[in-house]
Amino acid sequence: MTVAAVNRIDRLFEDRSRKRFIPFITVGDPTLEATYQLAHAMVEAGADLIELGIPYSDPLADGPTIQRASQRALANNISIIDALQLVKRLRDSGMEASLVLFSYFNPVLQYGVERFFADMATYGADGVVIPDLPIEENGPAVEAAKKNGIHVISLVAPTSESRIQTIGEQATGFLYCVSSLGVTGARASLREDLSDFLSRVKASTKVPTAVGFGISTPEQVKAVAPHTDGVIVGSAIVLEIERHEEQLRDPAQSEEAVAKIKTFVQQLASALQ
């Protein structure tokens, strides 16, 4: 199980000539069943890897859109174990796409670091992004992850400056490049110096790079694609889920709502072709 977990991400980026599309959705928003259906729809729409956000009450790196998604999921009492069980259900259904959890460190600490990474391997997850765990303090987590064949995905931001080289050298799986300052959220435009920043990051590391934070339109996906190996879209998709919240909660309307969101994601993913 652990070998497959590592290889799933590593195999994904073996061919650097093709760009990868990576959507983010919050587990349990608006229901666990909706997340399961949406994850399959994302893959059908062109997703190569899915980020599954574990809801948290104080998501410092997230903007209002994903904060609201976390609140909706927390109202359903969604926790780490629900996210892990969702991963297992997706694997049992035949899903081969890479699955990466996104969690703040406190829930992981409460769950137990060793237990968390062992369970990730058992349930079929491939990696985790922990945005509030700096590389200077991630030793125990990285050690537990390696033991279980899991990638801890590092983040690097324009403000990382002198730390870019260090972060790049330690990165495994892929390096999550934060395209803009501040929290997550859809933005009207990208930083003018983004390509320069991404060039510095790529020069610092041997692993692939993927760019996220603020990318929300097919035009932005297309613009950033030449400078990276993968493009991550979160808030724009989560906002689309929010727009269809009532239909997703209603079994009689959920299939139609999932189809509409799938079309939206297809438009984003097709911009990489």
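What you are looking at is a predicted structure, and each value in this text was computed from that prediction instead of being measured. (Residues numbered from 1 in each chain as written. Predicted model: local features only at pLDDT ≥ 70, side-chain atom pairs only at ≥ 80, totals over all residues. Heavy atoms only, no water.)

Draft legend 1. A look at the packing of aromatic side chains. Under the definition given, this model contains 7 aromatic pairs. Measuring from ring centre to ring centre gives 6.2 Å for Tyr111 and Phe116, while their planes differ by 85 degrees; the resulting arrangement is edge-to-face. The pair formed by Tyr111 and Phe116 is uniform in burial state, with each residue classed as buried. Plain terms: the ring middles of Tyr176 and Phe213 are 5.9 Å apart, the flat faces sit at 85 degrees to each other, and that makes the pair edge-to-face. Note that Tyr176 is positioned in strand 7 (residues 175-178) and Phe213 in the loop between strand 8 (209-212) and helix 10 (218-224), a separation of 37 residues in sequence. (Phe/Tyr/Trp six-rings, centres within 6.5 Å; stacked < 30°, edge-to-face > 60°. Buried < 20%, exposed > 50% of the residue type's maximum accessible area, 1.4 Å probe, protein only. Helix = DSSP H or I, 4+ residues; strand = E, 2+ residues; numbered from the N terminus.)

Draft legend 2. Structural view of the packing of helix 2 (residues 32-45) against helix 4 (residues 80-92). Interaxial distance between helix 2 and helix 4 falls to 11 Å at its minimum, and their mutual angle equals 45 degrees. Looking at the two axes, helix 2 sits oblique to helix 4. Remark: the crossing between helix 2 and helix 4 carries right-handed chirality. Contact residues: Leu32, Glu33, Thr35, Tyr36, Ala39 and His40 in helix 2; Asp82, Leu86, Arg89 and Leu90 in helix 4. Here the contact of helix 2 with helix 4 is built from residues that sort into 5 nonpolar, 2 polar and 3 charged. (Axes fitted to C-alpha atoms, helices over the stretch in contact; angles between N-to-C directions. Parallel < 35°, antiparallel > 145°, perpendicular 65-115°, else oblique. Left-handed = near helix turned anticlockwise from the far one by under 90°. Contact = heavy atoms within 4.5 Å. Nonpolar A, V, L, I, M, F, W, Y, C, P; charged D, E, K, R; others polar.)

Draft legend 3. Local environment of helix 7 (residues 139-147). Those residues of helix 7 lying buried are Ala141, Ala144 and Ala145. Angular distribution of buried residues about the axis of helix 7 spans 100 degrees; they occupy a single face of the element. In helix 7, the exposed residues that point more than 90 degrees away from the buried face are Glu143, Lys146 and Lys147. In the core, the buried residues of helix 7 are packed alongside helix 6 (113-123) and strand 5 (151-153). Positive phi appears at Gly149, one or two residues downstream of helix 7, with a value of about 70 degrees. (Arc of directions from axis to C-beta.)

Draft legend 4. Inspection of unusual backbone geometry at higher detail. Residue Asp29 is joined to Pro30 through a cis peptide bond whose omega torsion reads -5 degrees. With respect to the helices and strands, Pro30 occurs in the loop between strand 1 (20-26) and helix 2. Positive phi outside glycine occurs at Glu161, with the angle close to 45 degrees. Residue position: Glu161 is located in the loop between strand 6 (155-156) and helix 8 (164-170).

Draft legend 5. Inspection of the sheet that holds strand 9 (residues 230-233) at higher detail. Here 9 strands make up an open sheet; going across it, the order is 5-4-3-2-1-9-8-7-6 and the pairing parallel. The open sheet has two edge strands, strand 5 and strand 6, and neither has a second partner. Note that strand 1 and strand 2 (residues 49-53) share 3 bridges and pair parallel. Bridging from a neighbouring strand, Ile25 pairs with Leu52 of strand 2. Of the strands in this sheet, strand 6, strand 7 and strand 8 touch helix 9 (residues 194-204), which is tilted by about 160 degrees from strand 7. (Pairing = 2+ DSSP bridges.)

Draft legend 6. Structural view of the nonpolar core. Core analysis: the biggest nonpolar cluster contains 75 residues, and Leu52, Leu101, Phe117 and Ile237 have the highest contact counts within it. In contact with Leu101, not counting residues within four places along its chain, are Leu52, Ile54, Ala83, Leu84, Val87, Phe116, Met120, Gly127, Val128 and Val129. (Core = buried A, V, L, I, M, F, W, Y, C linked by side-chain atoms within 4.5 Å.)

Draft legend 7. How the structure looks around the packing of helix 3 (residues 64-74) against helix 11 (residues 235-243). The N-to-C vectors of helix 3 and helix 11 enclose an angle of 50 degrees; their axes lie 9 Å apart at closest approach. As far as their axial angle goes, helix 11 and helix 3 are oblique. The crossing of helix 3 and helix 11 is left-handed. Here Thr65, Ile66, Arg68, Ala69 and Arg72 of helix 3 lie close against helix 11, whose contacting residues are Ser235, Val238, Leu239 and Glu242.

Draft legend 8. Molecular detail of the environment of Ala171. Along the chain, Ala171 falls in the loop between helix 8 and strand 7. Spatially, the C-alpha atom of Ala171 lies 8.9 Å from that of His151, the residues being 20 residues apart in sequence. In this structure, Ala171 is in contact with Ser154, Thr205 and Val207, ignoring residues within four places of it in sequence.

Draft legend 9. Quick look at helix 2. Its 14 residues place the ends of helix 2 20 Å apart at the C-alpha level, agreeing with the 20 Å of an ideal helix rising 1.5 Å per residue. All of the buried residues along helix 2 are Ala34, Thr35, Tyr36, Leu38, Ala39, Ala41, Met42 and Ala45. Contact partners of the buried residues in helix 2: strand 1, strand 2, helix 4, helix 11, helix 12 (245-249) and helix 13 (254-270). Positive backbone phi, approximately 120 degrees, marks Gly46, located one or two places after helix 2. (Expected span 1.5 Å × (residues − 1).)

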